Number of protein chains: 2
Amino acid sequence: MRSFAILLILALGLCWGQSSDESKPASSNVMGTEYPRVFADGRAAFRLKAPEAQKVQVDIMAKKYDMAKGEDGFWTATIPPQVAGFHYYRLVVDGVNINDPGSETYFGVGQQFSGIEIPEPGHVDYYETKSVPHGEVRQRRYWSATTQQWRRCFIYTPPDYDANQKARYPVFYLLHGFGEDERGWVTQGRLDNIMDNLIAEKKAVPMLVVVDTFVAAKPGEEPMVMRQDGRRPNIGGNIGETFREVLLKELIPMVDSTYRTLSDREHRAMAGLSWGGLTTYTIAPANLDKFAYIGGFSGSTGGFGRGNVDVKTMQNGVFADAETFNKKVKLLYLSIGSMEGPGAKNFHEALEKAGIKNVYFESPGTAHEWLTWRRSLNDFVPRLFQ
Amino acid sequence: MRSFAILLILALGLCWGQSSDESKPASSNVMGTEYPRVFADGRAAFRLKAPEAQKVQVDIMAKKYDMAKGEDGFWTATIPPQVAGFHYYRLVVDGVNINDPGSETYFGVGQQFSGIEIPEPGHVDYYETKSVPHGEVRQRRYWSATTQQWRRCFIYTPPDYDANQKARYPVFYLLHGFGEDERGWVTQGRLDNIMDNLIAEKKAVPMLVVVDTFVAAKPGEEPMVMRQDGRRPNIGGNIGETFREVLLKELIPMVDSTYRTLSDREHRAMAGLSWGGLTTYTIAPANLDKFAYIGGFSGSTGGFGRGNVDVKTMQNGVFADAETFNKKVKLLYLSIGSMEGPGAKNFHEALEKAGIKNVYFESPGTAHEWLTWRRSLNDFVPRLFQ
């Protein structure tokens, strides 16, 4: 009897040891919640109390994993190692997709979603809050006569912005992806940490970063939001058409009149991820009087793997005159996660062949996800304005 | 046959008319989602696709309403008129509490929750974004040696802050309630709109408002967060003890050295809602060298209906010498929603009886919820610094 008790204690000790020593709550959790948990090898453990449910699953990275019901009414699952990065996920209870109450929510895929941060191997901290001077992220509201709505953007100001009253700063306009909004870069993207760390290491020059949303619709137009019924908005060929008006006629003038900016084209950059990259590639090359630096992260005109593009004739011929383009554009940048397919690389090569100078960056081992875009930002920003 | 078809069309038309003419998507929804919807009389309609579920309910204002399943797999319910204001709510699917995918999420009750804004009757717009000069809400990170953690606060700066470089501003420190965090006043509270509108109408003087969280734990201490398993943290009698250190030794000095503030006690206010009000009433009266304006919204020391308090002896006797207290404190403020019970009013009367001057505000027809606290803020701020 005693030896059985000892065995039981040992067994319980091992179980407990496995969950506490090797795993820790995901950094993407609500403060103080124990689940979901992440392991050093990329595994993740989930838990949900659902005593009456018939079936509970974890839906992550386009796979569903069955959870097992315990006698305490908690369903649990430890899933195989996941690729590093920030993944949207959800739990499925009797066929209904739900948020995990243990996770913070992140606006993506057209709704507030659970997310889990699978840590990268090694000591990677360029997007963490470190002991360096910190800038601010400022919420700014402005009226859009184009859309007849109040809009909100976020503006990163560098650590010295308030102290150096005589300094003026270049401005970088940065867009999210389809189904997300202006909160994406601030929350999922860890924009301020990445900027603070790059500026502290003198890898980047101090600059403003304006994050706004390309969702912009005139009265009667359908906004470019992801519908929860799965319907995609019918925008015809007008990619970023209304947002272009907002950006050029309202946002940029508002920023230049409100903040101490350098307002010439050589001190203005634009980039975006996924649909925001496509939007950038649609607007910026056609408005080179406004922009000298252009980036698309997992989404430039040729980045969707739609086959070969004719660089000379695309987008009303903005790339037709390579020499003029190369003279004007200080940086044309494409990036992609290595798991996303060859679209961006194909476009990079087509641009090269057409004589258009560009920089191609591939994020190793990452998907169409925020870790690709954090790495892209971290690689892109040091190339600006210097 | 034809008449049947006409009848059917008429019937469909009526149904459609009822839902589109009389109701509209809640302003608290994810952009572009049709449900939940609100009616002018306070009713609300909910919808969820859950073809495999056995039972679906709406859980709002401490009541559960059954939803009915349609042949299309959607469950729907229109619930009776709700009191005006912002209500946290959730849907219950086969016994599991879930977020409504149509709603934005709001951090409260220890997790990301659905919320619905039931409009007030009449034209109430003091918390809406209006055509007035707008300030900013700035995210600021700072290191806490007390907790050994990076902390985040939000700082409202008034519209003229950047332009009037010679001006210095009074500072108002404002706290959320138990189960919420520093995001509450910015998101649910509509802080920036209320401040912008008050300043534009010259009802309030331009000031900074610092919203931080009272959740502050030294290594080994248990933070004051609402556990999802229902367990309340064991903080003993140490209400706000660690936060007091953070506030007095770290936050206030950081704000005064980073922003153009007026740093004497006569230009510093502190208030909070619910547990944040209790925290304020615990910290501020005991530190009158730091604060001259003190407020508790639905939560001051006597505000929890715990019966009579002995004003003369409570909190180490801070209220014992009424004459000195009244001379030092320019405003002692208590507010409550009329549906919350008599706790705050009892405390107000006990303070009066003890000779402690104070202002009591009752929000008509509202509960322990954000509409009470928006109204309280709107009533409190004009009383500051003038």
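All of these numbers come straight from a predicted model, not from anything done at the bench. (Residues numbered from 1 in each chain as written. Chains lettered and ligands numbered in written order. Predicted model: local features only at pLDDT ≥ 70, side-chain atom pairs only at ≥ 80, totals over all residues. Heavy atoms only, no water.)

Re the relation of the copies chain A and chain B
(1) Moving on: Note on the identical chains: chain A maps onto chain B by a rotation of 180° and an axial translation of 0.0 Å, with an RMSD of 0.0 Å. Put plainly, the chains are arranged around a two-fold axis. When C-alpha positions in chain A are compared against the rotation axis, the closest is assigned to A:Arg138, at 2.1 Å.
(2) Moving on: In this assembly the copies share their binding face: 100% of the residues contributing to the interface of chain A also contribute to that of chain B. (Least-squares fit on C-alpha atoms with pLDDT ≥ 70 in both. Contact = heavy atoms within 4.5 Å.)

Some words on the domain arrangement of chain A
Residue and element names in this part refer to chain A.
(1) Moving on: As far as domains go, chain A holds domain 1 (25-118) and domain 2 (136-383).
(2) Moving on: Computed from C-alpha coordinates alone, the two centres of domain 1 and domain 2 are separated by 31 Å.
(3) Moving on: Between domain 1 and domain 2, a total of about 1,300 Å² is buried, with carbon and sulfur atoms accounting for 51% of that surface.
(4) Moving on: When the buried area of domain 1 at its contact with domain 2 is split by residue, Phe 86, Phe 107 and Gly 110 rank highest and sum to 36% of it.
(5) Moving on: At the boundary of domain 1 with domain 2, the tally comes to two salt bridges.
(6) Moving on: Taking the shortest distance from any N to any O, the salt bridge between Arg 190 and Glu 117 comes out at 3.5 Å.
(7) Moving on: Secondary-structure elements contributing two or more residues to the side of domain 1 that touches domain 2 are β8 (85-93), β10 (105-108) and β11 (111-118). (Domains from an automatic or database assignment. Buried area = accessible area lost by both parts, 1.4 Å probe. Salt bridge = Lys/Arg side-chain N within 4 Å of Asp/Glu carboxyl O. Helix = DSSP H or I, 4+ residues; strand = E, 2+ residues; numbered from the N terminus.)

Here's the deal with the packing of helix α3 (residues 191-200) of chain A against helix α9 (residues 370-380) of chain A
All names here are of chain A.
(1) Moving on: As a packed pair, α3 and α9 sit with axes 10 Å apart at the nearest point and diverge in direction by 30°. As judged from the angle between their axes, α3 and α9 are roughly parallel. Helix-helix and strand crossings are classified by hand; for α3 and α9 the assignment is right-handed. Counted together, Leu 191, Ile 194 and Leu 198 of α3 and Arg 374, Leu 377 and Asn 378 of α9 form the full contact between these two elements. (Axes fitted to C-alpha atoms, helices over the stretch in contact; angles between N-to-C directions. Parallel < 35°, antiparallel > 145°, perpendicular 65-115°, else oblique. Left-handed = near helix turned anticlockwise from the far one by under 90°.)

Looking at the environment of A:Asp41
Residues and elements named next belong to chain A.
(1) Moving on: As for its placement among the helices and strands, Asp 41 is situated in the loop between β2 (37-39) and β3 (44-49).
(2) Moving on: Owing to a relative accessible area of 43%, Asp 41 belongs among the partly exposed residues under this scheme.
(3) Moving on: Sequence separation between Asp 41 and Ile 118 is 77 residues; the distance between their C-alpha atoms is 9.2 Å.
(4) Moving on: At a separation of 2.8 Å, a polar atom in the side chain of Asp 41 contacts the side chain of Arg 43. (Buried < 20%, exposed > 50% of the residue type's maximum accessible area, 1.4 Å probe, protein only. Polar contact = N/O pair within 3.5 Å; in protein donor to acceptor, adjacent residues only side chain to side chain.)

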